[in-house]
There are 2 protein chains.
Amino acid sequence: MAKDVHPPRGMRDFLPLEQLKRDQVLGRIRSTYRSHGFQEIETPALEELERLTSGQGGDNEKLAFRVMKRGEELERAIEANSDGNADTLADLGLRFDLTVPLTRYYATNRSKLPKVFKAIQSGPVWRAERPQKGRYRQFIQCDIDIIGESSVLAEIDLLTSSLHALEEIGLNDATIRVNHRVLLSNLLDDLGIPDEGKPSAMIIIDKLDKIFAEGVAKELGEKFGAKVAASAASWLALMESKLEIPVELQDLFRAVESKFGKGRLRFDPTLVRGMGYYTGTIFEIEHPGSGTSIGGGGRYDGMVGRWIGEDVPAVGISIGFERAIELVGDSLTQQVPGLVLVLENDSPEVIAAALKLQPALFEHGYAVRLELRPKKLNILLDSLAEQGFTHFASVGEEAVNMDSLVIKPIGN
Amino acid sequence: MAKDVHPPRGMRDFLPLEQLKRDQVLGRIRSTYRSHGFQEIETPALEELERLTSGQGGDNEKLAFRVMKRGEELERAIEANSDGNADTLADLGLRFDLTVPLTRYYATNRSKLPKVFKAIQSGPVWRAERPQKGRYRQFIQCDIDIIGESSVLAEIDLLTSSLHALEEIGLNDATIRVNHRVLLSNLLDDLGIPDEGKPSAMIIIDKLDKIFAEGVAKELGEKFGAKVAASAASWLALMESKLEIPVELQDLFRAVESKFGKGRLRFDPTLVRGMGYYTGTIFEIEHPGSGTSIGGGGRYDGMVGRWIGEDVPAVGISIGFERAIELVGDSLTQQVPGLVLVLENDSPEVIAAALKLQPALFEHGYAVRLELRPKKLNILLDSLAEQGFTHFASVGEEAVNMDSLVIKPIGN
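About the thresholds
Residues numbered from 1 in each chain as written. Chains lettered and ligands numbered in written order. Predicted model: local features only at pLDDT ≥ 70, side-chain atom pairs only at ≥ 80, totals over all residues. Heavy atoms only, no water. Helix = DSSP H or I, 4+ residues; strand = E, 2+ residues; numbered from the N terminus. Buried < 20%, exposed > 50% of the residue type's maximum accessible area, 1.4 Å probe, protein only. Contact = heavy atoms within 4.5 Å. Areas by Shrake-Rupley, 256 points an atom, 1.4 Å probe, with all protein chains shown as cover. Lys, Arg positive; Asp, Glu negative; His and termini not counted. Charge placed at Lys NZ, Arg CZ, Asp CG, Glu CD. Least-squares fit on C-alpha atoms with pLDDT ≥ 70 in both. Pairing = 2+ DSSP bridges. Buried area = accessible area lost by both parts, 1.4 Å probe. Salt bridge = Lys/Arg side-chain N within 4 Å of Asp/Glu carboxyl O. Polar contact = N/O pair within 3.5 Å; in protein donor to acceptor, adjacent residues only side chain to side chain. Nonpolar A, V, L, I, M, F, W, Y, C, P; charged D, E, K, R; others polar. Domains from an automatic or database assignment. Phe/Tyr/Trp six-rings, centres within 6.5 Å; stacked < 30°, edge-to-face > 60°. Lys NZ or Arg CZ within 6 Å of the ring centre and 35° of its normal. Axes fitted to C-alpha atoms, helices over the stretch in contact; angles between N-to-C directions. Parallel < 35°, antiparallel > 145°, perpendicular 65-115°, else oblique. Left-handed = near helix turned anticlockwise from the far one by under 90°. Arc of directions from axis to C-beta. pLDDT = per-residue confidence, 0-100.

**Some points on the overall build of chain A**
When its secondary structure is counted, chain A shows 14 helices and 15 strands. In terms of its C-alpha atoms, chain A occupies a principal-axis envelope of roughly 90 × 65 × 45 Å. Taking all 412 residues of chain A together, 56% fall into the buried category. The contacts in chain A between residues at least 6 apart in sequence include a share of 69% that link residues at least 24 apart. Accessible area for chain A stands at about 17900 Å²; split by element, carbon and sulfur atoms hold 49% of it. Computed over 49 positive and 61 negative side-chain charges, the inter-centroid distance for chain A is 2 Å.

Set out below in structure tokens:
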């Protein structure tokens, strides 16, 4: 019975000090976004499965955890399910990102929201991925989105707010790669790739960092012929030597550079981003300390329209919290000084004396933890020092008040 | 397509101002508990279904949302599932409370935790209940638990910390009904109820507030005979006239009264609490503003032992956040003053000027929201005033700095 008591595969428990750090780092990101006038919202962890898998979530749809129907509905579904199609047995799914729920939320609540809606969402998402190092089946995302603003001001707001939030958690070296889906599409035209071939061409170009220029040219050639391979090769060579910011992105670069200086944005004509729903600018956040991107996003002007029947401009960016927090040092975590109030015994007098001391100790800025004196006090204090407690004081039978209480640092 | 875009049945979206209030009220509860030396932890939302439904969760086990197996495992389960037993198709479940996951967490991580472990958990739980007013299928619980302390100090710590937390959210009138499972068991002995009849007798007594003394005596009589009915009736009559705090609870009452005065704890010999796992004191939090309890808990010394093979004393209390927040006024919510920086247009010059003003406005304590001037500025400002924004200022082509920026209150 004692064996193998673990959280489910790919999911994690957080110990107190880990949790404190996670909460504070996420808190800093959230409060920075709030300071830029974004507003926090929350949606349920579950959405109708039909909605989650309606083609907006790309490959992630396949990774949705499916929740079984219940009661009579389940019985009916099983009876009807002679062909072994498991899909009819589930009706809900755990969200695999925060974007699909956000567009659903906007469709549900738009009459109560400001015309330009600037949302912060932070919380867990779930994906039934094959667990591997650094990939989890429950992980936190922190997104901001602007719905209802077609001007580049929205992109500028997202990127400057995010760079600010990353600085607030000590990631001053974060940079953002930027591209534009229209540029990407024009490029594919120039390379001679027909419209119907564009999605698979994008998937090939997206592999540039893994298979390099040669590999991309080769795979494009295999799919679209030698002529495309040749123009791709010369384009990739050109791209490595010299890049000009295209006119579509100049205002964005200029604004972000006015605030953060040069070098924090980088135009990358090979940036693809997996999701099919992007319609304009796309971005990916990088940091020299991380081998993978630590976030990303883009403009998805058509997505909200799927629920409400009219297109609404929208753009969002997501910080991959699990990737970002790996880069954040522990020095950022602030802990209230903790005092262990050691009760010599659990007689009513001693307990009442300890309770009476608590408010004054709170006023002195301490977190106050009551502990019954164990046989070996040092072991107790050492183990609590590991949890961040810094001081202790003893309360016994003799009357004690704040003046007579002896507060000592632990370990001296 | 536009029709019926809603969150799943029984689940809720939260609008920005609701979410702000929820976050701040929960934040106050959490920080009060932290000030008492409790530590926050987190477990995954999902647990192995087998563990969730191993009999520790009482009736709630039936309400667990079940997550379907995936991939080949699902295919195998469907093939093997000739008898239509849906249970074999699921392997995970959404947690329906925070206690079962906590005991699993303790079993997994106890070597890294302090000997007396004082945990705070706050987060959503899910129950597939028939939706009704005030009952949701996803809702937040906020629990504290002490594992590893058998002294009444643990109960005192839980109840004084919780009364303090409730006061911090303005619920100064919260009271706690207290009973003890051993007293309850002795009482049932005195009434002449055999051991095997005790669980159903407890269920009957638990209905006292719905069916009153007469109903309880009647139902006990139907089940256990006229003699039991008669002794139950006289016990219930006695109980209404005069109650003495039994010796088992005197230290607890004395300590809590030393801090909060008389009347905040109330001995209730009819308090049962549904869960089978309680072994000692049980409590239920009430407030005059609420028709139902707003929390509860008790001692469950045998539960951790199920996972690790040795009993560990444990006691916990849960604040039903959804019930509690209904009693909290909006005045508690604090909002950073929000300033709308209205850009006359989205030219690079105007955007750069606005971005340049932001840091100084942050320093002045404002949250600063960038908005492109719409045709009707008043409509924009009114809608943002509803969201808590209090001031605005305009940025146009002419050079502007903090000295020349005109900040006006919205609505004047």
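**Observations concerning the relation of the copies chain B and chain A**
Under the fitted operation, chain B is carried onto chain A by 0.0 Å of movement along the axis and a turn of 180°, and the coordinates agree to an RMSD of 0.0 Å. One copy is carried onto the other by what is essentially a two-fold rotation axis. It is Val-67 of chain B whose C-alpha, among those of chain B, lies nearest the rotation axis, at 2.2 Å. Taken as a fraction of all interface residues of chain B, those also at the interface in chain A reach 100%, which identifies the copy contact as same-surface.

**Section: the sheet that holds strand β14 (residues 389–395) of chain A**
Residue and element names in this part refer to chain A. One open sheet accounts for four strands, arranged β13-β12-β14-β15; its pairing is mixed. Bordering the open sheet on either side are β13 (367–372) and β15 (408–409), each of which pairs with just one other strand. Relative to β13, strand β12 (residues 338–343) is paired through six bridges, and the arrangement is parallel. Across the sheet, Leu-339 pairs through a bridge with Val-368, a residue of β13.

**Considerations on the interface of chain B and chain A**
The interface is formed by 97 residues belonging to chain B together with 98 residues belonging to chain A. Summing both partners gives a buried area of about 8100 Å² for chain B against chain A, and 60% of it is carried by carbon and sulfur. Among the residues of chain B in contact with chain A, Val-5, Glu-42 and Met-68 of chain B are the three that bury the most area, contributing 8% of the side total. Joining chain B to chain A, the criterion identifies six salt bridges. The partner of Glu-349 of chain A in a salt bridge is Arg-254 of chain B, and the shortest N-O contact between them spans 3.0 Å. Run the count over chain B and chain A and you get 38 residue pairs in polar contact (both at pLDDT 80 or more). Looking at which element gives the most residues to the side of chain B that touches chain A, the answer is helix α13 (residues 348–363) of chain B, with eight residues. Here the residues of the side of chain B that touches chain A sort into 50 nonpolar, 18 polar and 29 charged.

**Remarks on the domain arrangement of chain A**
Each assigned domain of chain A is listed here: domain 1 (16–330) and domain 2 (335–409). If you average the C-alpha positions of domain 1 of chain A and of domain 2 of chain A, the two centres end up 49 Å apart.

**Considering the packing of aromatic side chains**
Residue and element names in this part refer to chain A. Overall, the coordinates contain 10 aromatic pairs over all chains when judged by the stated rule. Considering the side-chain rings of Tyr-33 and Phe-38, the 6.2 Å spacing of their centres and the 55° angle between planes classify their relative orientation as tilted. A single burial state applies to Tyr-33 and to Phe-38, both of which are buried. Site record: aromatic cluster; members linked through ring pairs are Tyr-105, Tyr-106 and Phe-117. Just above the ring of Tyr-136 sits the side chain of Arg-12; from NZ or CZ to the centre is 3.4 Å. The positively charged end of Lys-118 is found above the aromatic ring belonging to Phe-38, 5.9 Å away from the centroid.

**Quick word on the environment of Gly-295 of chain A**
Residue and element names in this part refer to chain A. Mapped onto the secondary structure, Gly-295 falls in strand β10 (residues 295–299). Each C-alpha atom of the pair Gly-295 and Ser-31 lies 18 Å from the other, and the pair is 264 residues apart in sequence. Dropping the residues within four chain positions of it, Gly-295 is found in contact with Arg-273, Glu-284, Ile-285, Ser-318, Ile-319 and Gly-320.

**Section: the pattern of salt bridges**
Per the stated rule, a full pass over the model turns up 54 salt bridges over all chains. Taking the shortest distance from any N to any O, the salt bridge between Arg-104 of chain B and Asp-13 of chain A comes out at 2.7 Å. Note that Arg-104 of chain B is positioned in helix α4 (residues 99–109) and Asp-13 of chain A in the segment before α1 (16–35), a pairing that runs across two chains. Residue Arg-104 of chain B is classed as buried on the basis of its relative accessible area, which comes to 0%. For Lys-207 of chain B, the salt bridge is made with Glu-219 of chain B, and the minimal N-O distance between the two is 2.9 Å. In this pair, Lys-207 of chain B sits in the loop between α7 (198–205) and α8 (208–224) while Glu-219 of chain B sits in helix α8, placing the two residues 12 residues apart along the sequence. With relative accessibility at 28%, the residue Lys-207 of chain B sits in the partly exposed group. Take Glu-219 of chain B: its relative accessible area is 24%, and that puts it in the partly exposed class.

**A closer look at the sheet that holds strand β14 (residues 389–395) of chain B**
Residue and element names in this part refer to chain B. If you trace the four strands from one edge of the open sheet to the other, you get β13-β12-β14-β15, paired in mixed fashion. The open sheet has two edge strands with one neighbour each: β13 (367–372) and β15 (408–409). The pairing of strand β12 (residues 338–343) with β14 spans six bridges and is parallel. The residue of β14 that forms the bridge with Leu-341 is Ala-393.

**Overview of the packing of helix α13 (residues 348–363) of chain A against helix α10 (residues 247–260) of chain B**
The N-to-C vectors of α13 of chain A and α10 of chain B enclose an angle of 30°; their axes lie 9 Å apart at closest approach. Taken together, the axis directions place α13 of chain A and α10 of chain B in an arrangement best described as roughly parallel. Once α13 of chain A is placed against α10 of chain B, the crossing between them reads as right-handed. Of α10 of chain B, the residues touching α13 of chain A (which contributes Pro-348, Glu-349, Ile-351, Ala-352, Leu-355, Gln-358 and Pro-359 of chain A) are Asp-251, Arg-254, Ala-255, Ser-258 and Lys-259 of chain B.

**What about helix α3 (residues 71–80) of chain A?**
Residues and elements named next belong to chain A. For α3, the set of buried residues is Leu-74, Ala-77 and Ile-78. For α3, the angular spread of the buried residues around the axis is 100°, confining them to a single face. Facing away from the buried side of α3 by over 90 degrees, the exposed positions are Glu-72, Glu-75, Arg-76, Glu-79 and Ala-80. Those residues of α3 that are buried are in contact with β3 (66–68).

**A closer look at helix α6 (residues 181–190) of chain A**
Residue and element names in this part refer to chain A. Regarding α6, the residues found buried are Arg-181, Leu-183, Leu-184, Leu-187 and Leu-188. Looking straight down α6, one finds that the buried residues subtend no more than 160° of arc, so they occupy a single side. Of the surrounding elements, those touching the buried residues of α6 are β7 (175–180), α7 (198–205), α9 (226–241), α10 (247–260), β8 (265–267) and β9 (281–286). Phi turns positive, to about 90°, at Gly-192, one or two residues after α6.

**Comments concerning the confidence of the model for chain A**
Looking at chain A as a whole, its pLDDT mean stands at 92, while 98% of the residues score no less than 70. As scored by the predictor, the complex reaches a pTM of 0.95 and an ipTM of 0.94.

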